[in-house]
Amino acid sequence: MGWRRWVLAALLATTMVPAGAGAVDPHALYERRCARCHEGHAGDFVAKSLIRRDGRIVGRDSGIEIGAFLADGHGRLPAAELPVVVSHLAAIFESGGLFRTHCRICHDPAVTLARRELTLRDGRVVGRYSGRDIRTFMENHGRLEGAEVETIMRMLERQLQTVE
């Protein structure tokens, strides 16, 4: 049992794998490895299947922490893919469904919107074709308030930084 706790600790300490050599696209990974049995989009899976209990993200039905559940063999993910999936699900969970409630009514899923319409330029998220600074734009778009803009910006940046 000791090795599982070590693996879990390593998973939880890991952040999303950034783009570049050897990068793994968490969306493509979820769709390839998880969507056969679960919802086709990780955001839908998170909304339906994960909750916070005692400060941990756990399965709604199992009550088992998501990293431990996967590390114990669910999904038969290779060790290199575990931290990518755990980090991806946790990032979606931590966004609190903000994109779903404020943006999906008019826009494609975040990953599609970001990768088709946005780009990173000089460390900023900008419109791919307009060059518009999206952080500034978001302050008056989507009825977002205060910290919600930062949450959405982190999410969009993550979409752009995790392309294979």
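The structure presented is a predicted model; accordingly, all values stated were derived computationally and were not measured. (Residues numbered from 1 in each chain as written. Predicted model: local features only at pLDDT ≥ 70, side-chain atom pairs only at ≥ 80, totals over all residues. Heavy atoms only, no water.)

What to know about the pairing of strand E1 (residues 50-53)
Inference 1: Of the pairings in the sheet, the one linking E1 to strand E2 (residues 56-59) comprises four bridges and is antiparallel in character. Paired with Arg52 across the two strands is Ile57, which belongs to E2.
Inference 2: Between E1 and E2, which pair antiparallel one after the other, the connecting turn spans two residues, and Asp54 there sits at a positive phi close to 55°. (Pairing = 2+ DSSP bridges. Helix = DSSP H or I, 4+ residues; strand = E, 2+ residues; numbered from the N terminus.)

Considering the environment of Ala110
Inference 1: Positionally, Ala110 belongs in helix H7 (residues 110-117).
Inference 2: By relative accessible area, Ala110 is classed as buried at 10%.
Inference 3: As a C-alpha pair, Ala110 and Gly43 span 67 residues in sequence and 9.4 Å in three-dimensional space. (Buried < 20%, exposed > 50% of the residue type's maximum accessible area, 1.4 Å probe, protein only.)

So, the confidence of the model for the protein
Should the pLDDT be low somewhere, the predicted coordinates at that spot are not to be read in detail.
Inference 1: Taken as a whole, the protein shows an average pLDDT of 86; of its residues, 86% reach a score of 70 or greater.
Inference 2: Of all helices and strands in the protein, the one with the weakest mean pLDDT is helix H1 (residues 2-13) (43), whereas strand E4 (residues 124-127) scores best (97). (pLDDT = per-residue confidence, 0-100.)

Overview of the state of the cysteines
Inference 1: In this structure the tally under the stated criterion is zero disulfides.
Inference 2: The thiol sulfur of Cys34 is not disulfide-bonded, and the nearest other cysteine sulfur, from Cys37, lies at 8.8 Å.
Inference 3: Relative accessible area serves as the criterion here: at 12%, Cys34 is assigned to the buried category. (Disulfide = S-S within 2.5 Å.)

Details of the packing of aromatic side chains
The geometry of an aromatic ring pair is captured by two quantities: the separation of the ring centres and the angle between the planes.
Inference 1: For the structure on display, the rule yields one aromatic pair.
Inference 2: Ring geometry for Tyr30 versus Phe45: centroids 6.2 Å apart, planes at 45°, classification tilted. In this pair, Tyr30 is assigned in helix H2 (residues 26-33) and Phe45 in helix H3 (residues 42-49), connecting sequence segments 15 residues apart. Both residues of the pair, Tyr30 and Phe45, count as buried. (Phe/Tyr/Trp six-rings, centres within 6.5 Å; stacked < 30°, edge-to-face > 60°.)

Comments concerning unusual backbone geometry
Inference 1: With phi around 55°, Asp54 is a residue other than glycine that occupies positive phi space.
Inference 2: Tracing the sequence through the fold places Asp54 in the loop between E1 and E2.
Inference 3: Using a relative accessible area of 72% as the deciding quantity, one classes Asp54 as exposed.
Inference 4: Of note, the phi angle at Asp122 is positive, near 55°, even though the residue is not glycine.
Inference 5: With respect to the helices, strands and loops of the structure, Asp122 is situated in the loop between strand E3 (118-121) and E4.
Inference 6: Its relative accessible area of 72% is what places Asp122 among the exposed residues.

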